[in-house]
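Residue-level structural notes
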Amino acid sequence: MAVSTPPSPNLHQHLRDSLDGLPTAPRIGRLIVFTGPSGVGKGTLLRALRDRYPSLRLSISATTRQPRPGEVDGKDYYFVSCEQFQTMVKNGELLEWAEFAGNFYGTPKAAVQRHLEEGEWLILEIELEGARQVRDTFPQALQLFVLPPSLDELEQRIRQRGKDSEEAIVRRMARAQVEIDAAPEFDVQIVNDDLEIALQQLEGAIFDAVDA
Ligand code: ADP
Ligand code: 5GP
């Protein structure tokens, strides 16, 4: 497994420099795929990362899942009907898509293209099948996987989040082991035990990619 180096306190400036490039050089964006079982803390880590590095962009997915309390359409997801989702698939509007725990999720292609053309680093927080599809189309994308300290802790986190039905929890836990088994496919694995340490490892992995 790859081990990321400690983060630099100057990552933000470093990232900005890399994004901005030389005045005459074209700016090249980059995709970061962020995967891990539901409830492992992906959203929590990404929120903290965005607070520190506002120049990072987060892709907004389309989903047929019902909004959880507090989720906002167009911010957390584009909440769409099954018919709308099917139309997006048929029209080739999604970069990748997958079914997860009884709902459909997909990444709108146009926004990804726009962000990359603008030279931005864009994070796709997506499940395993979608990550594999992105690996086929963007082999240069940085692929990160977040692991829980244990399955018991994972289940506790999903329950403590308190926003999923019992049926949704059972489906998510059933899928978790399959996803965890696929972790070695990814460039870097991060165990989200202590949140601050995981965040530092995430920063370190991105820092390495900026330097590469
Ligand atoms: P995901 O986006 O992967 O589904 P969330 O970010 O929603 O997961 O986190 C699930 C729950 O776990 C939340 O209640 C969150 O506060 C909690 N959590 C996240 N990271 C940690 C951690 N390192 N230690 C303990 N609890 C955590
Ligand atoms: P949740 O319902 O908990 O928000 O998300 C369930 C799972 O779907 C998570 O693993 C999340 O990363 C994944 N997911 C969210 N958006 C997308 C997407 O656009 N494509 C794919 N393939 N998975 C997604």
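Bear in mind that the values here come from a model prediction, so they are computed numbers and not experimental data. (Residues numbered from 1 in each chain as written. Chains lettered and ligands numbered in written order. Predicted model: local features only at pLDDT ≥ 70, side-chain atom pairs only at ≥ 80, totals over all residues. Heavy atoms only, no water.)

It is worth spelling out the site of ligand 2 at this point. Taken together, the neighbourhood of ligand 2 is formed by 17 residues, with Ser61, Arg65, Tyr77, Tyr105 and Glu125 sitting nearest. Interatomic distance of 3.1 Å between a backbone N/O atom of Gly106 and an oxygen atom of ligand 2. When ligand 2 sits alone it has 510 Å² of accessible area, and the protein chains cover 96% of it. Applying the majority rule of atoms within 2 Å of the grid points places ligand 2 in the largest pocket. At the level of secondary structure, the elements contributing two or more residues to the shell around ligand 2 comprise β5 (94–100) and β6 (103–108). Taken together, the residues of the shell around ligand 2 sort by class into five nonpolar, five polar and seven charged. (Near = heavy atom within 4 Å. Polar contact = N/O pair within 3.5 Å; in protein donor to acceptor, adjacent residues only side chain to side chain. Areas by Shrake-Rupley, 256 points an atom, 1.4 Å probe, with all protein chains shown as cover. 1 Å grid on protein atoms, 1.4 Å probe; cavity = no way out; pocket = protein on both sides within 12 Å on 5 of 7 lines; lining within 4 Å. Sits in = over half its atoms within 2 Å of the grid points. Helix = DSSP H or I, 4+ residues; strand = E, 2+ residues; numbered from the N terminus. Nonpolar A, V, L, I, M, F, W, Y, C, P; charged D, E, K, R; others polar.)

Moving on: the sheet that holds strand β9 (residues 188–191). Read across the open sheet, the five strands follow the order β2-β7-β1-β8-β9; overall the sheet is parallel. The open sheet terminates on both sides in strands that have one partner only, identified here as β2 (57–58) and β9. Pairing of strand β1 (residues 30–35) with strand β8 (residues 142–147) involves four bridges; the strand directions are parallel. When the sheet's bridge partners are listed, Val33 is paired in β8 with Gln143. Packing of helix α8 (residues 195–211) onto the sheet brings it into contact with β1, β7 (121–125), β8 and β9, and relative to β9 it is tilted by some 165°. (Pairing = 2+ DSSP bridges. Contact = heavy atoms within 4.5 Å. Axes fitted to C-alpha atoms, helices over the stretch in contact; angles between N-to-C directions.)

So, about the site of ligand 1. Gly39, Lys42, Thr44, Arg161 and Asn192 are the nearest of the 14 residues found near ligand 1. One nitrogen or oxygen atom from the main chain of Val40 is found 3.3 Å from an oxygen atom belonging to ligand 1. Here an oxygen atom of ligand 1 sits 2.8 Å away from a polar atom, N or O, in the main chain of Lys42. Notes on ligand 1: free accessible area 570 Å², of which the protein chains cover 78%. The cavity that encloses ligand 1 is the largest pocket. For the shell around ligand 1, the elements supplying multiple residues, two or more each, are α2 (42–52) and α6 (151–161). Split by residue class, the shell around ligand 1 holds three nonpolar, seven polar and four charged.

With that settled, consider the packing of aromatic side chains. Aromatic ring pairs are defined here through the distance separating the ring centres and the angle between the ring planes. Evaluation of the coordinates by the stated rule reveals seven aromatic pairs. Ring-pair connections join several aromatic residues into one group, and the members of that group are Tyr77, Phe79, Phe100 and Tyr105. Over the aromatic face of Phe186 sits the side chain of Arg135, whose NZ or CZ is 5.0 Å from the ring centroid. (Phe/Tyr/Trp six-rings, centres within 6.5 Å; stacked < 30°, edge-to-face > 60°. Lys NZ or Arg CZ within 6 Å of the ring centre and 35° of its normal.)

A few words on the nonpolar core. Ranked by internal contacts, the top residues of the largest apolar core, which has 28 residues, are Phe34, Leu49, Leu144, Leu202 and Ile206. Those elements that provide at least two residues to this core are β1, α2, β7, β8, α6, α7 (166–181), β9 and α8. Broken down by element, the residue count for this core peaks at seven residues, all from α8. Excluding residues that lie within four positions of it along the chain, Leu144 makes contacts with Ile32, Val33, Phe34, Thr35, Phe186, Val188, Leu202 and Ala205. Among the nonpolar cores identified, the runner-up in size contains 18 residues, and Val33, Ala131, Leu147 and Phe186 belong to it. (Core = buried A, V, L, I, M, F, W, Y, C linked by side-chain atoms within 4.5 Å. Buried < 20%, exposed > 50% of the residue type's maximum accessible area, 1.4 Å probe, protein only.)

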